Each structure stands twice: as structure tokens, then as C-alpha cells.
Amino acid sequence: MRISYEWLSDFVDLDGVTPKEAAEILTRQGIEVESLTIVDLSQIVIGKVLEQKPHPKSRNPLWIHQVDLGGRVEQIIAGAPNAVAGSIVPVALPGTAVPNGKVVKDMNIAGERAHGMLASAAELMLGDDHSGILVLDRGIPGDPLTTVIPSQAIMEAEVTSNRPDCMGHLGVARELGAGLQRPLKRDFMPAFTGGADPPGREMVKVTIDDPDLCSRYIGGVITGVKVGPSPDWMQRRLRAAGVRPINNIVDITNYVLLEYAQPLHAFDLALLSGPAIEVRRARANEKLLSLDGVVRDLTADMLVIADAKRPVALAGVIGGEDTAVSDETKDILLESANFNGPSVRQTSRALGLRTEASARFERALPPELALAGARRAASLIAELAGGKVHRDWADVYPRPQEPVRVNLRPALIDEVLGMHVPLEDSEAILKRLNFQVNVMADGEWDVLPPVFRLDVTIPEDLVEEVGRVYGYDKVPPTLPGRRHDSWTPLEPSIDRRLDQVREVLAGEGFTETWNPALVSGKELERLRIAAHAMRVENALSDDMDTLRTSLLPSLVHAVAVNRDRGRDEVRVYEIASAYLARVGEKNAQPDEPLRVAAVGTTDGSPDAGEKALRRLKSVLDGCVAALNGPASAYQRAAAELFHPGRCAAVVLDGRQLGYLGELHPTVTSGAGLEGRLVAFEIDLLPVLAASSVPRAQPLPRFPAVDRDLAVVVDESVTAGALLQGIKESGGDLLVHARAFDEYRGAQVPEGQKSIAFTLTFRSPERTLTDAEVDRVMAEIRLGLEKRHGARFRE
Amino acid sequence: MSDPLGLTTQALAAIGQARTDEELEKVEVEYLGRKSGHVSRLLSNIGSLPPAEKAALGKAANDAKRAIEAALAARRAELEAARLADLAETEAIDMTFPGPPLKRGHIHVLTQVRREIETVLESLGYKVELGPEVETEWYNFEALNIPAGHPAREAWDSFYFSPELLLRAHTSPVQIRAMQRIKEPPIYIINPGRAYRRDPPEATRLPYFSQVEGLAVDKGLTVGDLKGTLLYMIQSLYGRDRKVRVRPSYFPFTEPSFEFDVSCGICGGMGCKSCRHKGWLEVGGCGMVHPQVLRNGGIDPTRWNGYAWGFGIERMAMLKHDVDDIRLFYESDLRFLEQF
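## What about the overall build of chain A?
Assigned secondary structure in chain A consists of 20 helices and 38 strands. Since a compact globule built from 794 residues should have a radius of gyration of about 28 Å, the 41 Å found for chain A marks it as more spread out than a globular shape. With the C-alpha coordinates of chain A rotated into their principal frame, the extents come out at 125 × 85 × 55 Å. Out of the 794 residues belonging to chain A, those deemed buried represent 53%. Sequence separation of at least 24 residues holds for 69% of the intrachain contacts in chain A that already meet a minimum separation of 6. For chain A, the exposed surface amounts to about 35,700 Å²; the carbon and sulfur share of it is 50%.

What follows is the structure in C-alpha cells.
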């Protein structure tokens, strides 16, 4: 919200308080001033246009003015035509800077001298209007502009959603008064000024159809008004707050909105059929031409103000063009109502139309505010537009605001804040904020919040009121601490345990990435991994409309990103959850398995792929080992995303964790990548669950004997199968066995391969003799021969 | 040659002339070699001599052997000392020549920052709690005192799967779940994790981000305790000269509520370009837990009270490492990730 410093001084004495100090106080109390703009008008002078004529030569339409600057006349050229002879205008002379930063120079435009410029409201930062020269209603030529318009300061402030009362200058001034310990100069509820006959409620019949959506509707009648421009000071304040002046009646409704935060609307009474007002939901096929010139299609969930025949306004959002106040208007119906916040928000969203009014109603205004706003507006209309305010307005109030009382044990203030606030200070703060405080016999306080503070309902709310005005800066920082007789022992968090995995991967050159969990659902379908995908109903865009079911596509994307940036070799991983819908269970939360996935690049040859895959397998084993998990097994498998001949299921204690393999060529090429990608993705929680604290084993007392064994078998026999056979025949003396080389070629028959194993034998009781080891080796050979038809090299 | 004295003289001269270990080795073999060395041969001949000569020659030969051994050892030491003295020239290499590149992977900067935050808070006794990212409407909103139609819901525009199920807009639901599970305070927990809001991606915010929230529920906790905890955390992460300011704000789940700011590390709070002349950098939100929220977590607010806070890990990382675009964290560009 835009707050005018000068306007605030209507309500609270700001003598000796700079705009910057005021902004700091407000920020400290919870109205965050995000920017402060000081508009210095002291260099601008007042001029009176003596003569205006078109520029004879210029291609664009320009106007040449002779301007009286009090004792001298200067020629000034402007593009806007509205500074006709007789206008009083702000003038910036060469060498000065106008508040928006533009520096004025002496110029010559198409052969005509231009000595200075006539300023628009926007150039003077007095509003957003740059369509024409700002025309003043008074001022003496040659005097500084500050004789009629004081220098300004505009604060752009963020008002939290619980404080609609601070969406008006009066509320902001009340806050400032509390912070400065100065009294507020204005009572919240103005006096009623109407006395004319007949009573207003006999002139317009008001009914509310849906009291849930409209808890109060005040319709005030004012007759015989004279519509015209509003006074200069009012227009100036409206502009400062970002509102365009229209005419005195509309301006007054806007002015009161900016003062009290109560939205108001004025109808031309003569144009209301009935005249009657009915607050109801829109009916099928109803339309409304709104004040912004757009024909709005209305739906049954929109609340409208209708006369006897048709909708004339969208409740709380915008008025209708057909019944708007115009220059011909004589009698008006002044609406001051209270509409349901969520309903206004819904309508405003459905129409894509957010107005000053809807922004306030959305935050749930107190119904009592409607009366204050109506009275204030009526008295301003009587004062500035003439007219008679009728007595006894229609005031339909089906849901009267309940008074709220809060019982406060004043010690709570110190207990919650953690510092001592003198009782008299707390009481004074509450009173300055218009709370009534009655100290009861037992020392507790019976507190009555002001009617405009619906946000205060519990004692803690009162603590906050005191705390924020007294100053949270004064609260000394402490660390909590008392004697605890119960506690939960510290366990390393999952993420700390997973740091072991990160270390293994970092050592192998893999860099951790964090990728978005929302991905393209279409892409998941293309990759055929969308079966358990959860799709967002209100996605921002197609490329992030679905929760990923695998981390691998994100990592393939990461490879592509880095290839695009000229990096050939890429190794990346991620530790994050995948999201798997429970099929068939409506509204069930999905499984969110925590996973680690890694992808590495290699060149396009089958051998390179195989080599990289073997290395990656060691990396995965290393990750599991680092978590103190048991060794995992690999079983040839088929899985989406993976190469059909190069994919293994990773199995731990009989449970499948995920897959390791080369990615399918179509996955790689689909991402626009060349070469082969090797990858794994496994669930981590089963590994963590299976991990155990390593127990120290006694160090071997007798030496080990190492033997190599080169086994020649058919291509179809796997190293895993051979290893199993070796272990079965090896008995207790075989303590370690591992395949380390694979050979095909001249020394091996066609269709066969040679796999070399290294075997370690050791006895815990004695030094093994060669003869003993030879016997076991013979057993092993025999076993492999029988089972796999193996032969042996060397 | 059969004169021990003569042999000794000869041997010592040869030792003195030896320039290398190999030459010394040769001299040693020539004189002391087991079979063919001069001294060994002398000793092996002793058996055939008459007893009177035996003793004298035996002693002379052994003296010669000891003298030669001593001279060999001394010369070896000399040569070794000389070799060591010359290493600077003899084995010098180009020390400016670079090593081969190390293929070290990097841990994501957000992981690093999250780890630091967790470590600091664990030192105060907070424990990490995790929870689901796809949440129910109740845990994400209702339990946190944000009923349907509440104007504050505007601030948490969320991604929905159905009217009841959504991506959590903050990690606060974990706090409710933790209170329900732990039941009996004291509760000191932090809940790091991903959260989602329907904001289009830009340099300062993303529809997905990561938070660390904290919750303390105990007896007699105060705003001062909240301030102290935040100050301890910020000073531990950014240095002891940093200050923390709490500014009143509004959240439905805390009362009173605050935004908390950290003094600008560049100007020390005086105001500079980096902090947009405010002297303070906005970090997160916090407050004393609303009694209704405690009740929703199954905690009796007449016996216990609490405070809570939350902030974005990305924001903390941006402040710490001068990152100016939040999108960099999620783009997997190694040129960025390898800087940390």
C-alpha cells in the first residue's frame, strides 16, 4: 500500500518526525516500509499560462506556451494540450531536476526556444498520471510550488493480511501515534450529519438475500449534489496513493477508502430501478458492464448488487457503468457494506480483476467499519459537493459483529517476551491502540479490543500488541535451558549417514546435483515410467506438471546441460526421493522412497560401456560398504530406461534395491546425447536398515596363500556362477575369491572365454602347505569341470 | 700378499679413493670377501701355521679386518653425507610443473549449507525430523491454523493433486506430525526438506525450494529464547559479528509472529548496495507457536509453550556464498557446482 506521509499528519502530530523516522517506527511495529520516496518540490515554481498556440513547424504536435513566472514571461514547449491560456501550472526551469530525476535543459525545438518544462503529475511524482500537465487550482506565479503543494514522502508498505485496518491512513497513523506516544487526532466513529427528510430507508428498499456473503449493507441517500472536480488537495492525495481522480463524488469514496480502509460505492439514484437494492448471487446469463468498460459474464457463485431489474455492481469488486455517477447526477445512493472475504477473492480471481476494494474485503473487514466509512463519506460529500444527507439510512445488518473480550493475566506479557515490561507501559500501549483495559479485582485485565481489530482474540494477541510497540529490540537474547528429566538420545540423521555415500561418490569424481522433483508428465510417458506418476492439477507449465518416479531422467538431463556447455565427461548423482502413487487408493499419500542415483558418460564403444559399467559397479558396492551394508548381489534383469543386455537388479538380503546398467540407447539419443551412459538407481532406506556396526575380527596369525585360476568356459557361463562354484568347493580354507580378468582370443576356442580368478587361502590354525592348497584347488577344478564343463589354462 | 699390516695400508688407501658405494663394495669384496678376500684368505691359511705364529698372525689379521671394516663404515658415512649434501642439485625437478587433474566430485552447496545448519542446531540439542512432501490439506493448512478461505492462504499458493492432497507449501507439517508422535515435551526438532509454492521461476524464487524449520516446545519458553537461538545459529554460520533483528509480522501459526533479519555482512548494518541500503537482510519467519497449533499437535498449551522458525536453505546459501540467482542451485551446471 502507498502511504502519504503528509496525509498521516492529518491524524497524528508529526512535528519533528522525519519521513525516514516514521518509516522506521512503522517497520519496527510490523508495517514493513519497503521503500520511501521523498518528493522534493522546492525547486519547482508556479507559472500562469498567458497564451497557448500550436508549434508551426514540428512534425509531432507540440504546443508553445507563454508563461508568466511572476515578473517575467518565458516561452515553454509541451506535448500535452491541456495547459490552455489561464491555467496555473508547475514549471521546472533549466538547470533544475524534477522529482522523477529528469534534468531540465534550455532547448531549441524545431526553431523555437524552449525555456524549461511544464510538469505532469507523474514527473513530479505526485501520481501516475502523465497524460497531461498538472493543472493547479490556485497559486501565485513565481512562488515556489511548495506554497500550494507541500513536499511529499511516499512510503510503499507491506500490510500483513491480519491488519486490514492498516490498509487506510487512519490505521497507519494510529500505529505511528502508539509508537511516538502521541494522541490520535481523530475518533474512529465520525458523527452522523444527516437530517434531511424523507428518511433514507423509505427512499430505497435494501434487502440481503445471502447474509453469509453480506453481513451488512448501508445505503445512504444524499440528494441535490453538484458533481464536478474534487478540490486540488484531494486529487493530490489520491494521486499520491496511486488513484486517478474522476469527480468529487467518486473521489470522496476513494478518499475515504484510503483513509478508513472501507470501500464505498456511489450509485446515481435516478438510474436505479425501483429504486431498490438487492444483494444476491448472480443469475444465469446475467451480465454487467463494469466501470472499466468490460462486459462481465456473471456466474452463480458471484455476489452482485442488483436493483429491481438487473445487477448494477459486483459486490466488493467493481461498480457498473450504467448506474455510475456522472456530471448529470443529482441524487446518489452511497453504499457502504461488508462482504465475505473468500467470496470477494473468488470473484476477483475468476475475473482476473483486483481492485482497491477487493484487496481490502479479501482480508475480512469488520462490519462496524462500514458505518464509520459511510458517515465520513457523507459528511465530505455534503461539504464538498453540496447536497442534503437524509436521515435514517437503510442499514441491513443480519450478522452483527460480536463484541470480543480478552482476559489477560498481565504477567503473561513478561513470561512470553522474556523481559519485564512495566504494567503501566503495557496499559498505555493498549490504550493508544484504542483497546479498553479494565483492571479487575484479581489483577487480571479485561480487555476490549477496538471494533476494527478482529484479529485480536486471545491473550497472546495482546502480548504481541504490547511487544511490538514496546520494542522487540529490547528483548535480550537468551538460550532456553531448564533441568530436563526426559530426553531423546541423539541419533545421526539419515542425511549425516548418507554423507558416507557422498564421500565415496566424490572420490570417484561424481558431483552431487539437486534437481526439481516436478518434471514433464509427457516425458515420463515417453520413457514409459509414468505408471505410478502423480500429476499436479494446477501446474504452472507442462514441463513441471508431474512428480518424478525416477531420478535418472533428471540426471540424463544434467548430462545434456553440461554437454551443451562444452563438457565431454560428466559424472553426476543425486540423493532425493522419487514419488510413487499407490495405485487404486484415492487420496493416499504416495510412497516417497529415498534414493541415490548416478549417471556417468563414456564413449560409444561396447567395450567402453562394459568397462565403465564394471567401474560403476565397484562404486555402488563402495557406497553400500560405506554405509556398512551387506554386500549386494547382481542379477541380470530387464528394466525401463536400461539397455536390455546390460542391466542388473541390485539385490540386498533377497530384496531388490534398484538397477545398475547401461542406459537404453533410445534414452541416451532421446536426450540428444552421444556415447553411452552408465547408471544406477537404488533405494537407500533398506541399505540403512540392513547396516550394522562393524565388529573387529582377530588379525590372522598365519600367512595366506594366493593362487590364480584361469577358467575357460562357454560364453553363456557367468562369472557369478563360476564364483559360486568356487566358493562351494573351496570350503573353509578359501577366504577370498574374485574374478579379475576376462579374455577372448587366440588361446581360447571360438565361442568360449577365459575368466581369471584370484583365490586366497588361509587357515586360522596353521600355516598351509602347498600340498594342502593343491588339494583344495583340485576340488575346485573338479567342481567347475563337472558343473560348467570348464577347462583351465596353464 | 700375506702381511696384515701391508694389507691394511693398501685397503685403507683404496677405501680413501673410492668415490661411490659401488667402488666401496668392490674394495670390501677384495679384502673381506668370504672366500677370495685377501684378509679372509690370510685367516684361512692360519690353520697350517705353527701354534706360536698362529696367535700372532690371527690377532694381526683380525685387527686388519676390524680396521678395514671401520674405514669402510666411515667412508660410507662420508659418501652418504656428500650425496645428501648434493641432493639439491643432483635430484632437482621442476616444481612448478602441475600435477595431473584430480577427478574429485563435489558435494552440492545446498547439502553443505544444510549440513552446517544441522550441525549447529544439533549442538543445541535439536534433532532432525523428516516427513512426506505430498501432504494432506489438514497437515499443510488446517493444523497450522490456516483454514480454507483464510486470507493468509494467498501466501501459500500450492500445487494440488486433489482437493485433499497437495505438495507441502512448507516443512511445517513435519512439526505437527512430530508433536503427535513424540507427545510429551520437551521437543527440540529441526525439519529440513523440500517445499513447493506456485510461484513462477525467477532469480529470487522458485516453485520448488528447500527449508530448514525448527520447533521447540518446553516450559516457559520466551521470545528472548527464540532470539537467542537464532542469534546463536546465525553467528555460528556467518561469524560472531553478525546481529539478528526480529520484526513483527503475521503468520496464522505463531503469535506473536516475526520476520527475522540478519545484519548485512558487507556493510555491517550501515546500509550498502548489497542490502539495498537497509543494513539488514531478510532471512526467514519465526514466532511463538500459536496455542491452537500446539493443541492440533496434541500438546496442552496451558502446560507447554513453544517457538518455531523457518527459512530457505537457498537463501542462506545465497547470503553465504554471494549467489545472485536461485535457479543456479537446481540447474546442475558443473561450472557452478564445482565452485563449492
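## Structural notes on the sheet that holds strand β7 (residues 244-249) of chain B
All names here are of chain B. An order of β1-β5-β6-β10-β9-β8-β7 is seen for the seven strands of this open sheet, with the pairing classed as mixed. Strands at the two margins of the open sheet, each flanked by one partner only, are β1 (127-128) and β7. Lying over the sheet, helix α5 (residues 109-122) contacts β1, β5 (187-196), β6 (208-218) and β10 (305-312), oriented at roughly 165° with respect to β5. Running at roughly 35° to β10, helix α8 (residues 223-238) makes contact with β7, β8 (254-263), β9 (280-289) and β10 of the sheet.

## With respect to the domain arrangement of chain A
Residues and elements named next belong to chain A. Split into domains, chain A comes out as domain 1 (2-39 + 154-180), domain 2 (45-150), domain 3 (200-396), domain 4 (406-473), domain 5 (494-690) and domain 6 (705-793). One C-alpha centre belongs to domain 1, the other to domain 4, and the line joining them spans 22 Å. Taken together, the contact between domain 1 and domain 4 spans ten residues of the former and nine residues of the latter. Around 930 Å² of area is buried between domain 1 and domain 4 when both sides are counted, 52% of it from carbon and sulfur atoms. Sorting the residues of domain 1 by area buried against domain 4 places Gln29, Arg174 and Ala178 first, and these three jointly supply 49% of that buried surface. In this structure, the salt-bridge partner of Arg468 is Glu175, at a minimum N-O distance of 2.7 Å. Joining domain 1 to domain 4, the criterion identifies three residue pairs in polar contact (both at pLDDT 80 or more). Going through the elements one at a time, α2 (19-29) and α3 (169-180) are the ones with two or more residues in the side of domain 1 that touches domain 4.

## Section: the nonpolar core
Generally speaking, soluble globular proteins have nonpolar side chains that are buried together. Of all hydrophobic cores here, the largest spans 96 residues; its most connected members are Tyr217, Ile277, Ile305 and Phe339 of chain A. Here this core gets ten residues from one element, more than from any other, and that element is helix α9 (residues 368-385) of chain A. Mapping this core onto the domain boundaries places at least three of its residues in each of domain 1 (2-39 + 154-180) and domain 3 (200-396) of chain A. If you look at the next biggest cluster of nonpolar residues, it comprises 89 residues, including Val406 and Val447 of chain A together with Leu165 and Phe258 of chain B.

## Remarks on the packing of aromatic side chains
On inspection of all chains with the given rule, the structure shows 19 aromatic pairs over all chains. Centroid distance Phe188 of chain A to Phe452 of chain A: 4.8 Å. Interplanar angle 45°. Geometry classified as tilted. With Phe188 of chain A in the loop between α3 and α4 (200-203) and Phe452 of chain A in the loop between β25 (445-448) and α12 (459-470), this residue pair connects regions lying 264 residues apart in the sequence. On the accessibility criterion, Phe188 of chain A (13% relative accessible area) is buried. A residue is classified by how much of its surface remains accessible, and Phe452 of chain A, at 5% relative accessible area, is buried. Ring geometry for Tyr472 of chain A against Phe258 of chain B: centres 4.4 Å apart, planes inclined by 85°, an arrangement best described as edge-to-face. With Tyr472 of chain A in the loop between α12 and α13 (494-507) and Phe258 of chain B in strand β8, this residue pair bridges two chains.

## Regarding the pairing of strand β11 (residues 205-208) of chain A
Residues and elements named next belong to chain A. Here β11 shows one buried face, formed by Val206 and Ile208, and one open face, formed by Lys205 and Thr207. Direction of pairing for β11 relative to strand β14 (residues 276-281): parallel, over a ladder of four bridges. The partner of Ile208 across the bridge, within β14, is Val279.

## Some points on the domain arrangement of chain B
Looking at chain B, the domain boundaries give domain 1 (4-90) and domain 2 (109-337). Each of domain 1 of chain B and domain 2 of chain B has a C-alpha centre, and the two are 83 Å apart.

## A word on unusual backbone geometry
Residues and elements named next belong to chain B. The omega angle of the peptide bond from Pro185 to Pro186 is 10°, so this bond is cis rather than trans. Here Pro186 is to be found in the loop between α7 (173-182) and β5. At His277, a position not held by glycine, the phi torsion is positive, near 60°. Counting through the fold element by element, His277 comes out in the loop between β8 and β9. Residue class for His277 comes out exposed when judged on its relative accessible area of 61%.

What counts and what doesn't
Residues numbered from 1 in each chain as written. Chains lettered and ligands numbered in written order. Predicted model: local features only at pLDDT ≥ 70, side-chain atom pairs only at ≥ 80, totals over all residues. Heavy atoms only, no water. Helix = DSSP H or I, 4+ residues; strand = E, 2+ residues; numbered from the N terminus. Rg over C-alpha atoms; globule rule 2.2 N^0.38 Å. Buried < 20%, exposed > 50% of the residue type's maximum accessible area, 1.4 Å probe, protein only. Contact = heavy atoms within 4.5 Å. Areas by Shrake-Rupley, 256 points an atom, 1.4 Å probe, with all protein chains shown as cover. Pairing = 2+ DSSP bridges. Axes fitted to C-alpha atoms, helices over the stretch in contact; angles between N-to-C directions. Domains from an automatic or database assignment. Buried area = accessible area lost by both parts, 1.4 Å probe. Salt bridge = Lys/Arg side-chain N within 4 Å of Asp/Glu carboxyl O. Polar contact = N/O pair within 3.5 Å; in protein donor to acceptor, adjacent residues only side chain to side chain. Core = buried A, V, L, I, M, F, W, Y, C linked by side-chain atoms within 4.5 Å. Phe/Tyr/Trp six-rings, centres within 6.5 Å; stacked < 30°, edge-to-face > 60°.

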